[in-house]
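# Examination of the molecular architecture
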Amino acid sequence: MNDCSFGSTFLTDSLELELKTEWCSPPCFSCAFDNRGGKTFSGESYLASGALKRCLNVQHAESHIPVHRYENLEAQLPSVLVDELHGLLLYIGHLSELPRINPGAYVNQNQNKLFPPSWHLLHLHLDIHWLVLEILHVLGEKLKQAVYGHHFINLAGDNLTNVSLFEEHCENLLCDLISLSLCRYDKIRPSEALMSDHCPCSCMKELWVLLIHILDHRRKWSLSESFWNWLNKILKTLFETSSERRSSMPVIKSRDPLGFSWWIITHVASFYQFDRHGVPDKMRQMESNWNFLEELLKRSISVQDGILEEQLRMYLHCCLTLCEFWEPNITVVNILWEYYSKNLNSSFTVSWLPLKGLVNIRSPLSMLEMVKTCCCEKQDQELSKSYSSYTIFLCILTKVIKKAMKNNGPHPWKQVKGRIYSKFHQKRMEELTEVGLQNFFSLFLLLTAIAEAEDVASHVLNLLNFLKPAFITSQRALIWKGQMAFLLLYAQKNLDIGVLAEKFSYEFKEKAKEFLVSKKEEMVQRHTVWTLLSIYIDGVQEVFETSYCLYPSHEKLLNDGFSMLLRACRESEFRPVLSFLQAILARIRRIHQQLCQELQKENVDLVMQSSLLAKERHLAAIASALWRQFFSFLKSQRMAEIVPLSQLVDAAADFTLLAVDMPGTAPSDLQPQPAVSIIQLFGWDDIIRPQVVARYLSHLLQNSTLCEALSHSGYVSFQSLSIRSWIRCVLQMYVKNLSGPDELFIDTNPEQAVEKDYMDQLAELTRLIFKLSEVKNIFSKAQVECLPIPEDPKSALVKFFEAVGITYRNLQTLSDKSSMVTKSLEYLGEVLKYIKPYLGKRICSAGLQLTYGMMGVLVKSWAQMFATSKAQKLLFRIIDCLLLPHTVLQQEKELPTAMLTAIQKSLPSFLQGISIVCCQSQNANAYLNQLLGNVIEQYIGRFLPASPHVASLRQHPVLLALRNSAIVPWISSLKKCIMQVIRKSYFEYNGSAPPPRLASILAFVLQIFKETNIDISEVELLLPGILKCLVLVNEPQVKRLATENLQYMVKACQVGSEGEPATQLTSVFRQFIQDYGIRYSYQVYSILETVTVLNQQVVIHLITTLTQSLKDSELKWGLGKNIEQRETYRKLLSHLGQVGQHEIQRLESDST
């Protein structure tokens, strides 16, 4: 046994056991191992264990081992080994002959590693087949000569060598693998072919890799065939008839030999990436099989009965995948182009599959998206489902040309260009259908993207001239899309678009002119032209947005066609045009800012500076073109309603920002301050719709740079005028259309009366106004918190008015106060014009409520300012316009209910404010006091209830004006004016007929007395009227209320005089006795009896006057003593104590 230490010269490292060990673990086929560590093959596989490397590096048998006693037997071993291996192969048969190979044989779904018998059987067969092949290979490598199987030769008479057995077994093994793959292929659709692996498990894949390496190795060191030749030879049999097929070749049948051949070659080609250890190596040179593929490709596109698009997609998808693996092959491109050049008019669709790309081209961008798809380095696995075979051909064309030009320069491109250009001539161009033209554009766009852009685009323009005029008319939209796609591609490649732009912009101008002169009733023609114009507009926008820089050639795209187009557009057509304008303005400003930043950098050399300045000049020229073509139209439409409001305003705001950034580009009529001129047009002009103003100013005030620039540019009224416009927007929130008399207002529920968009915009403007430094300063001086997020616009305006009034009151110097009045009046502007729409014949209740409410707050809050001569004129106008208009003075006419309601709610504020003005006025103003009296006179009766209910009287606006006021000097003035009006209007009546609603006015006066302190001067004013009512009116309610008023007055005078009767009170009663004592003596005595109960001293002071009145009465009637009257008088005197008794005695002793 010592001789065993030398080992056998015929055993390989992968087969021999380690000596002097108890066990060993040889490699095997098994997908059961989990120790892959993310690798494709398990650690126990042949590849991972290094078996292949050892097999390919066998040293041939030149041994110097001494001869031993088994030398004769060893010499027979190779021949016996060949016979035994041959017998073993005959015994186990082919892989494809196994009883049943089901999915369970490949995949273990049992986590406990309990494999089914079929799994063990299959993998045992795989091990045997590979080990036989490996032994035969090693035998040949060792001996370097043919080894004959003598036993088989003696029995069968046929030759059998290790080489013939290796080749036979290799062929059978490949046939078995192909048969197994074919079973899987027959169950999948062509569109899913590349997503379906042909290897059921990693062991099959490993066997393929082993065969690739061992066959290519043998080809390299001997005259044997390469792996591809072996595979090609077998695949060719799929296309042979039974008579053509060799008898020794296993029979393999396929329902789709073409598709299967593409499928299996594509999958197997990917295995070339694995090295001898089974590790993927992307840098590894992959052996190509183009010769067979070229024949396969010719066979694929030359089927006599026609080609199914679904299958062709799969073939080309496989071809594309192989183009990624292998070196570029121009012949493949030429073969495919021969086919597609003849079928350009085909749509290449599959009815049951969705399609992206050619048939779905809707815009120039979609054309370019298709080009980008074709130029992608890695294509989607579902490419054949989503794209046509023509698109996949373009992908192949891209891949091959880019690879070939990278390796060999421009020569391959020139070859392909010649082939492609030669297929297009006048006759061929005239034969193109719409689909064919789409395919034409797709092809040349792709060539422009990957090769000589200028040459290709120039050639396309020449070819388009070959199209028939009728075809050009019917397919002009598609032609324009194609041309625009070329423009976009030029822009993306940063090429000069001058030539393309000049031709295309001229066509646009002609179509815009046609659109302008067309009649709006010609809907079909307008729609056709508009489709073309839309293509141009959308495309030019994309050109500007994708261009890295803007050059003079870009200006050519903005010609007079736009100014003509704007004049012809309807509302729906304005939207895309104005969206285009906004996009271009934004792009110009963005590039301008970038250029400014570059110029401001340090260390900018002269060359760079010159280049940047040139770009700035180009940009200015383009900006000037926009001003020229668009702004004059926007200016003319600022009051119209044809143009969509939001886009009109947004475009105007963008022009304003452009004027700030590049003022020199604006037209001369806006100079020298173009930004201010535009703001005046769209933001500060009182004739512009408030919806326009609110949105426009919101845009501008958001831009802090603009606000700062205008606030410090010497134009000091920027903030003031913006505040004034905000005030107008709030006051006119219920005005829908300032110029339309028929549908002037939105008159619904006030909460729903304003369109939500406008209300949101107004709220945003309010928020921005409250951020202005001028507004913050006012609130700061007023010591009122300026809310960062103000309430609704109406509440915010109220707070603003109040803050301005407080700020004025806190000022100390006359100069500051004078400046504040001027500034405040600037805030208001023509405020009465703002509210005038609400005061017309058409009634808007919400608008009236807003108008009167805001003006009431204004008059009250700014009362001290209205007391100045500068502001008093405005106060007079407000009173005349709102409180004393012509309709109010016409007593016979009833005021509208909405107007009365608005006045009722706001009148307290008006009265309080006017009263303050009367007290604070710099000059004693009798006219203002007269106006106050007139207002009270007009409305004190209008709001009196028909019957004197206290609940109704308590809400009377005149009474509220007194109740809601703090104790300030001007309250007595207001109260006195009210008393004067009541005396004049209700108590100074002639005749015995009392005025209407006398009880209500008495109840009103009584309520005043109850809620306020009574002054003796008020008693002097009203007491004569009260006494007159008691004498002349017999209505019980009037008498009761008059008596209560009398009681309140007497008590008030008693308190005020500290027990002594007030001289004024005595004087009033004395005059009352003189006026009514002779004719109404009994009523006078009754009234005085009531007074006696409250204050005897008052009546005691009147005894002399009463006695004289009695005597005058008796004298007048000439009947001597009036016993009845004297008795009544005596009764009164009896209540006056000792003084009364003395007067009774005197009367009785008096003989006269």
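Above this text you will find the structure in question.
Residues numbered from 1 in each chain as written. Predicted model: local features only at pLDDT ≥ 70, side-chain atom pairs only at ≥ 80, totals over all residues. Heavy atoms only, no water.

Attention now goes to the overall build of the protein. Across its full length, the protein holds 54 helices and zero strands. Buried positions account for 53% of the 1152 residues belonging to the protein. Long-range pairs, those at least 24 residues apart, make up 76% of the contacts in the protein with a sequence separation of at least 6. Element-wise, carbon and sulfur atoms account for 51% of the exposed surface of the protein, whose accessible area totals about 53500 Å². (Helix = DSSP H or I, 4+ residues; strand = E, 2+ residues; numbered from the N terminus. Buried < 20%, exposed > 50% of the residue type's maximum accessible area, 1.4 Å probe, protein only. Contact = heavy atoms within 4.5 Å. Areas by Shrake-Rupley, 256 points an atom, 1.4 Å probe, with all protein chains shown as cover.)

To continue, consider the packing of helix α5 (residues 162-185) against helix α7 (residues 227-236). Two elements in contact, α5 and α7, have axes separated by 10 Å at closest approach and are oriented at 60°. The two elements α5 and α7 meet at a crossing, and its hand is right-handed. Residue-level contacts link E167, C170, E171, L174, C175 and I178 of α5 to F227, W230, L231, K233, I234 and L235 of α7. For the contact of α5 with α7, the residue count by class is nine nonpolar, no polar and three charged. (Axes fitted to C-alpha atoms, helices over the stretch in contact; angles between N-to-C directions. Left-handed = near helix turned anticlockwise from the far one by under 90°. Nonpolar A, V, L, I, M, F, W, Y, C, P; charged D, E, K, R; others polar.)

Looking now at the layout of surface pockets. Vacant regions in the atomic arrangement are exposed by a probe of water-molecule size rolled over the atoms. Estimates place the volume of the largest pocket at around 1100 Å³. Along the walls of the largest pocket sit 38 residues, with M286, T321, E324, F325 and K378 positioned nearest its centre. Where the lining of the largest pocket is concerned, the elements lending two or more residues are α8 (257-269), α10 (309-325), α12 (364-375) and α14 (389-408). Tallying contributions element by element places α14 first for the lining of the largest pocket, with seven residues. In terms of residue class, the lining of the largest pocket is built from 13 nonpolar, 11 polar and 14 charged. (1 Å grid on protein atoms, 1.4 Å probe; cavity = no way out; pocket = protein on both sides within 12 Å on 5 of 7 lines; lining within 4 Å. Points joined across faces, edges and corners; volume = space filled by probe spheres on them.)

With respect to burial, α7 is a largely interior element, seven of its 10 residues being buried. Taken as a whole, α7 has its buried residues at F227, W228, W230, L231, N232, I234 and L235. On its buried face, α7 sits against α5, α6 (202-221), α8 and α9 (290-300).

We now examine the environment of S202. In this fold, S202 is placed in helix α6. With 160 residues separating them in the primary sequence, S202 and S42 have C-alpha atoms 8.7 Å apart.

The subject of this paragraph is unusual backbone geometry. With omega at 10°, the peptide bond leading from Q671 into P672 counts as cis. Considering the arrangement of structural elements, one finds P672 in the loop between α27 (645-661) and α28 (674-684). Its identity as a non-glycine residue notwithstanding, F348 has a phi of 55°, on the positive side. Tracing the sequence through the fold places F348 in the loop between α11 (330-342) and α12. Under the relative-accessibility criterion, F348 is labelled buried at 7%.

Compared with the 39 Å implied by 1.5 Å per residue over 27 residues, the 39 Å span of helix α3 (residues 117-143) between its first and last C-alpha is a close match. By the criterion of burial, α3 is predominantly enclosed, with 19 of the 27 residues buried. Directly beyond the C-terminal end of α3, a positive phi value near 60° is found at K144. (Expected span 1.5 Å × (residues − 1).)

To continue, consider the state of the cysteines. The bond known as a disulfide is covalent and runs between the sulfur atoms of two cysteines. Taken as a whole and assessed by the stated rule, the structure comprises zero disulfides. Counting only cysteine sulfurs, C323 is the nearest neighbor of C319, a cysteine outside any disulfide, at a range of 4.3 Å. Left without a disulfide partner, C977 is nearest to the cysteine sulfur of C918, which lies 7.3 Å away. (Disulfide = S-S within 2.5 Å.)

This structure, assessed with the given rule, holds 41 salt bridges. Note that K423 is salt-bridged to E338, the shortest N-O span being 3.3 Å. Of the two residues, K423 is situated in the loop between α15 (411-422) and α16 (426-431) and E338 in helix α11; the sequence distance between them amounts to 85 residues. On the accessibility criterion, K423 (25% relative accessible area) is partly exposed. The partly exposed category is assigned to E338, whose relative accessible area is 26%. Across the pair K556 and E502 runs a salt bridge whose closest N-O atoms are separated by 3.8 Å. Taken as a pair, K556 in the loop between α23 (552-555) and α24 (561-568) and E502 in helix α21 (residues 498-517) lie far apart in primary sequence, 54 residues in all. What makes K556 partly exposed here is its relative accessible area of 36%. (Salt bridge = Lys/Arg side-chain N within 4 Å of Asp/Glu carboxyl O.)

Formed by 389 residues in total, the largest nonpolar core has its most connected members in F444, F800 and F1069. For this core, the element with the highest residue contribution is helix α41 (residues 897-920), accounting for 12 residues. Apart from residues lying up to four places away in sequence, F1069 is in contact with L1023, L1027, L1046, V1050, L1088, V1091, V1098 and L1102. (Core = buried A, V, L, I, M, F, W, Y, C linked by side-chain atoms within 4.5 Å.)

It is the contact of helix α45 (residues 970-987) with helix α46 (residues 998-1011), at a shortest axis distance of 12 Å, that shows an interaxial angle of 160°. Viewed along their axes, α45 and α46 adopt a mutual orientation that is roughly antiparallel. Our pair here, α45 against α46, has a crossing hand that is left-handed. Contact residues: K975, I978, M979, I982, Y986 and F987 in α45; L998, I1001, L1002, F1004, V1005, I1008 and F1009 in α46. Here the contact of α45 with α46 is built from residues that sort into 12 nonpolar, no polar and one charged. (Parallel < 35°, antiparallel > 145°, perpendicular 65-115°, else oblique.)

On to the side chain of E774. Turning to its location among the elements, E774 is positioned in helix α33 (residues 773-781). A relative accessible area of 18% means that E774 is categorised as buried. At 2.8 Å, the side chain of E774 forms a polar contact with the side chain of S720. Look past the residues within four positions of E774 in its chain and what remains in contact with it is Q719, S720, I723, K823 and Y827. (Polar contact = N/O pair within 3.5 Å; in protein donor to acceptor, adjacent residues only side chain to side chain.)

The subject of this paragraph is the packing of aromatic side chains. Each aromatic ring pair is described using two quantities: the centre-to-centre distance and the angle formed by the ring planes. Evaluation of the coordinates by the stated rule reveals 53 aromatic pairs. Relative to F444, the ring of F440 has its centre 4.8 Å away and its plane inclined at 50°; by these criteria the two rings are tilted. Here F440 pairs with F444, and both are found in helix α17 (residues 434-450), just four residues apart, close to one helical turn. Judged by relative accessible area, F440 falls into the buried class, the value being 0%. A connected cluster of aromatic rings, assembled from ring pairs, spans W337, Y339, Y340, F348, Y390, F393, Y421, F424, F440, F441, F444 and F486. Stacked on the ring of Y808, the Lys or Arg K817 has its end atom at 5.5 Å from the ring centre. The ring of Y989 is capped by K1028, whose NZ or CZ atom sits 4.1 Å from the centre of that ring. (Phe/Tyr/Trp six-rings, centres within 6.5 Å; stacked < 30°, edge-to-face > 60°. Lys NZ or Arg CZ within 6 Å of the ring centre and 35° of its normal.)

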